[in-house]
Amino acid sequence: MNRRMDIYDVAHEWANNTDTNASATSANLFFAGGAIYSYGDHFMIAKHVWNEQGEHAVLFTEQTYSRTTSKHVSLVAGASSHLTKLFVPDPSSSKADLFESWREAMVQAAHKMGSARKPAKYILEIQQIFEKAKRYADFFNYQLPEELVKIAGVENLSQFVDYLQQERELREAIEKKEQRKRLSAQKKQLADWRSFKKDYLRIYDGLDYLRLNVKTGQIETTQGVRFTLSAGHQLYRFVTAVIAKGGCTNCGELFLERYAVSEVNKDFIRVGCHKVTLKEIKSFAKQQGWQ
């Protein structure tokens, strides 16, 4: 049952976990489902959590907001002073997002060492951030991400530069692997799109593709643009003629009287926001018997 109280009652009842849902009369402080909020569920101040051993703690925000929200945060902090607090960037965030927030904060602190007269200040800041992450991980028995541990060992700018290089190489390798997966999935989804099993296709290779809707007699692109076969044939003749002359940039041609033809070369064409390979165009033209 939702009961209305003043903000002091709300804070203390939440801290003592005595009611499931409550809200303040006029100050927009309320709690529900173990979490307490200021001015809506977009700003979670804290929430009750338990680990696998049944130990209780509170995830408490480090965010600041308006003056009134800051008052709410202080009030909740005081009301829960008897509880174990784990200070986190945002108590509503997932484990992965919290670890990433801590990593970014540590990287920002390390960047400042390069121009600092007293770099030890930022080494201390890195250690303090790491201790918060470690305390959180220890409570839930989570394994700390290796990247956090590496940054925590940084003692000078040279070490940080080495870390950044290793991180960059690792992220590039991960991204390449993920891109291969996305392109593999795109290949199957493109076949489904061409056969009208699906109307929308998310593209990961930066290119656009064509299909003919025989019911409407229109050419359709993967971005949802539709135009007549005759308009497509006219564009095809223009493209082949331009390529024979060596291609063009800023070609001075409008397709459908509104899409600028900005580039034509032996590999692809750009029309408006579309980029289509010559291989795709020639394949489509062959299917239509275009000369």
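To be clear, the structure that these remarks concern was listed above.
These remarks concern the structure in this document. (Residues numbered from 1 in each chain as written. Predicted model: local features only at pLDDT ≥ 70, side-chain atom pairs only at ≥ 80, totals over all residues. Heavy atoms only, no water.)

### Considerations on the overall build of the protein chain
Stated formally: Runs of E in the DSSP output that reach at least two residues are strands. Runs of H or I that reach at least four are helices, and both are numbered from the N terminus. Using C-alpha atoms as the atom set, the radius of gyration is obtained and then compared with a globule rule of 2.2 Å times the number of residues to the power 0.38. Remark: exposure states derive from per-residue accessible area (1.4 Å probe, protein chains only) relative to the maximum for the residue type, with buried under 20%, exposed over 50%, and partly exposed in between.
On a plain count of helices and strands, the protein chain comes out with eight helices and 14 strands. A compact globule built from 291 residues should have a C-alpha radius of gyration of about 19 Å, whereas the protein chain, at 29 Å, is more than 25% larger. Over its C-alpha atoms, taken along the principal directions, the protein chain stretches across nearly 80 × 55 × 35 Å. Taken over 291 residues, the protein chain has a buried fraction of 38%.

### So, the state of the cysteines
In plain terms, the rule: Cysteine sulfur atoms are paired as a disulfide whenever they come within 2.5 Å of each other.
Evaluation of the coordinates by the stated rule reveals one disulfide. Disulfide partner of Cys248: Cys251, at an S-S distance of 1.9 Å. Taking the torsion about the S-S bond as the criterion, the Cys248 to Cys251 disulfide, at about 95°, is right-handed. Take Cys251: its relative accessible area is 18%, and that puts it in the buried class. Distance from the sulfur of Cys273, which forms no disulfide, to the nearest cysteine sulfur (Cys251) is 16 Å. Looking at Cys273, the relative accessible area reads 58%, which means it is exposed.

### Quick look at the nonpolar core
Buried together is how nonpolar side chains tend to be arranged in soluble globular proteins. Selection rule: What we call a nonpolar core is a set of buried Ala, Val, Leu, Ile, Met, Phe, Trp, Tyr and Cys residues that are connected through their side-chain atoms within 4.5 Å. Residues count as neighbours in contact if any of their non-hydrogen atoms are within 4.5 Å of one another.
Among the nonpolar cores identified, the biggest contains 28 residues, and Trp102, Met106, Tyr136 and Leu148 are the most heavily contacted of them. Going through the elements one at a time, β6 (56-61), β7 (85-88), α3 (95-112), α4 (120-140) and α5 (146-152) are the ones with two or more residues in this core. Here this core takes nine residues from α4, the largest share from any one element. When sequence neighbours within four positions are dropped, the list of residues in contact with Tyr136 reads Leu59, Leu86, Val88, Lys95, Leu98, Phe99, Trp102 and Tyr142. Judged by nonpolar contacts, the second largest core, of 22 residues, contains Ala231, Tyr236, Cys248 and Phe255.

### Some thoughts on the layout of surface pockets
Where we set the bar: Here a cavity denotes a set of grid points, spaced 1 Å apart and computed over the protein atoms alone, in which a 1.4 Å probe fits but from which it cannot get out, and a pocket denotes an open set meeting protein on both sides within 12 Å along at least five of seven lines; residues with an atom within 4 Å of a point are reported as lining. Grid points are joined across faces, edges and corners, and a volume is the space filled by probe spheres set on the points.
Estimates place the volume of the largest pocket at around 300 Å³. If you trace the largest pocket, you find 21 residues lining it, with Leu210, Phe227, Leu235, Phe255 and Ile269 closest to the centre. Listed by contribution, the elements that provide at least two residues to the lining of the largest pocket are β9 (218-221), α7 (229-244), β13 (268-271), β14 (274-277) and α8 (278-288). Here the element with the most residues in the lining of the largest pocket is α7; it accounts for four residues.

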